[in-house]
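Structure assessment
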Amino acid sequence: MGNSLKAIVAFVPSDECQKYLLEDLEEMPVDKMVDLSGRQLRRLPLHICSFRELVKLYLSDNNLNHLPPELEQLQNLQILALDFNNFKALPLVVCTLKRLCILYLGNNKLCSLPLELRLLQNLKTLWIESNCLRYLPEVVCELSLLKTLHAGSNALRTLPAQLRCLQELRTIWLSGNLLSDFPPVLLDMPFLEVIDVDRNSIRFFPSLAHLPGLKLVIYDHNPCRNAPKVAKGVRRVGRWSEETPEPRKRSGAVIEIKLNEKPSPPPATKPKPE
C-alpha cells in the first residue's frame, strides 16, 4: 500500500479504513509479534488488545499520541515500540505492562516521564533519545534491572546522583546533549561498560582509569583539551585516542599531531523487529 494512500485513509476513523490499514490482521500471529510500524495509524485498533498472549508490539513511525486503556490486557508483552510518534506524555497504561523488558520511546515530544514508570521493574532497556528532556527523570533511577539507557539528543545538562543506584546498568548513551561537564555520578559507577558522551560541550575529562568494567568510551565532538585516561584495554573514540596521543609540550613548544579520522559511534536507532 502506498504511503500517500495510507495517510489519506488514516484520517478516516471507520472500522473499514482501519482494517485496510492493518491489512486484515484479525488473529494473533503464531510468533506472538505484531508489527504495525509505518501504517500512519492515529489510534491503536482495539482488537489488537485482545491478543493477550502477545509478546512484541511494534507501533513505530505512526501518528499516535494516546493509547487505549484496553492495552492493559496485554500483560505478557515484553517489547513495546512507540518511537517516532507524537506522544507528549507517556500514556499511563504503558506502566501497567509489568513484564516489559524493552521500551522504545525515542523521537517523540516527551518533556518528562510519569512516576508510575517505577512499576516497570522488569525493564532492562529504555530508549528515550530525541525527545524534549531537559533533565533525566529521577524515576529512571528506580528501574533496578535497567542495563541499557539511551538518552541522546535531548537537552540534558547534568545527571541525577541517584543514577548510581542502577547497579545493573552497563551502557549509557548521552550523545547530542548539553553537558558542559563530565557527569560526576558516572565516576561512581564502576560497573559501566560503555559511556557515550559524544557531541556535547565537555571541556575537560577526568580520569576513568578507576572504572574496572569500562570497555568503551566515546567522547568525540567535544571542545575538550584532553582525552579521558582509561585503563589498559579500554577503547577510546575521540581526539587523542590510543592511536594518536595527546599533544605534548617540549621545550615550551606544542607538537602538533595530525588526527586520524575516527569511526562514528553506533547509531542511536533501535534494531529491527526480532
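Below or above, wherever it landed, is the structure these notes cover. What you see is a predicted model; the values in this text were computed from it and never measured.

1. Some points on the overall build of the protein
Looking only at helices and strands, the protein has 2 helices and 12 strands in total. Starting at the N terminus, the α and β elements of the protein follow one another as α-α-β-β-β-β-β-β-β-β-β-β-β-β. Across the 274 residues that make up the protein, the buried fraction comes to 47%. For the protein, restricting intrachain contacts to residue pairs at least 6 apart in sequence, the fraction spanning at least 24 positions comes to 26%. Carbon and sulfur atoms provide 52% of the accessible area of the protein, an area that totals close to 13900 Å².

2. A short note on the sheet that holds strand 5 (residues 125-127)
Hydrogen bonds between backbone atoms are what pair the strands of a sheet, whose relative direction is either parallel or antiparallel. As summarised here, the arrangement of the 10 strands in space is 1-2-3-4-5-6-7-8-9-10, forming an open sheet in which the pairing is parallel. Every other strand in the sheet has two partners, leaving strand 1 (33-35) and strand 10 (235-237) as the edge strands with one partner each. For this sheet the average axis-to-axis angle between neighbouring strands, irrespective of direction, equals 5 degrees. Where strand 2 (residues 56-58) and strand 3 (residues 79-81) come together, 3 bridges link them in parallel fashion. Note that in strand 3 the partner of Lys56 across the bridge is Ile79.

3. Some thoughts on the pattern of salt bridges
For the coordinates displayed, the defined rule picks out 5 salt bridges. With its nearest N and O atoms 3.9 Å apart, the salt bridge here joins Lys215 to Glu193. Here the residue Lys215 occupies a position in the loop between strand 8 (194-196) and strand 9 (216-218), and Glu193 occupies one in the loop between strand 7 (171-173) and strand 8, the gap between them amounting to 22 residues. Taking the relative accessible area as the measure of exposure, Lys215 reaches 51% and is therefore exposed. Residue classification places Glu193 among the partly exposed residues on the basis of a relative accessible area of 26%.

4. Examining the environment of Leu146
Tracing the sequence through the fold places Leu146 in the loop between strand 5 and strand 6 (148-150). For Leu146, a relative accessible area of 0% corresponds to the buried category. The sequence separation of Leu146 and Leu166 amounts to 20 residues, and the corresponding C-alpha distance is 6.8 Å. When sequence neighbours within four positions are dropped, the list of residues in contact with Leu146 reads Leu123, Lys124, Thr125, Leu126, Val140, Leu166, Glu168 and Leu169.

5. Some details on the side chain of Asn131
With respect to the secondary-structure elements, Asn131 resides in the loop between strand 5 and strand 6. Among the residues examined, Asn131 registers a relative accessible area of 9% and is labelled buried. Among the polar contacts listed, one links the side chain of Asn131 to the backbone nitrogen of Asn108, at a separation of 3.2 Å. Within the structure, Asn131 has its side chain in polar contact with the backbone oxygen of Glu129 (distance 3.3 Å). Apart from residues no more than four positions distant in its own chain, Asn131 is found in contact with Leu105, Gly106, Asn107, Asn108, Lys109, Leu110, Ser153 and Asn154.

What counts, and where the lines are drawn
Residues numbered from 1 in each chain as written. Predicted model: local features only at pLDDT ≥ 70, side-chain atom pairs only at ≥ 80, totals over all residues. Heavy atoms only, no water. Helix = DSSP H or I, 4+ residues; strand = E, 2+ residues; numbered from the N terminus. Buried < 20%, exposed > 50% of the residue type's maximum accessible area, 1.4 Å probe, protein only. Contact = heavy atoms within 4.5 Å. Areas by Shrake-Rupley, 256 points an atom, 1.4 Å probe, with all protein chains shown as cover. Pairing = 2+ DSSP bridges. Axes fitted to C-alpha atoms, helices over the stretch in contact; angles between N-to-C directions. Salt bridge = Lys/Arg side-chain N within 4 Å of Asp/Glu carboxyl O. Polar contact = N/O pair within 3.5 Å; in protein donor to acceptor, adjacent residues only side chain to side chain.

Nothing here speaks to function; it is all geometry.
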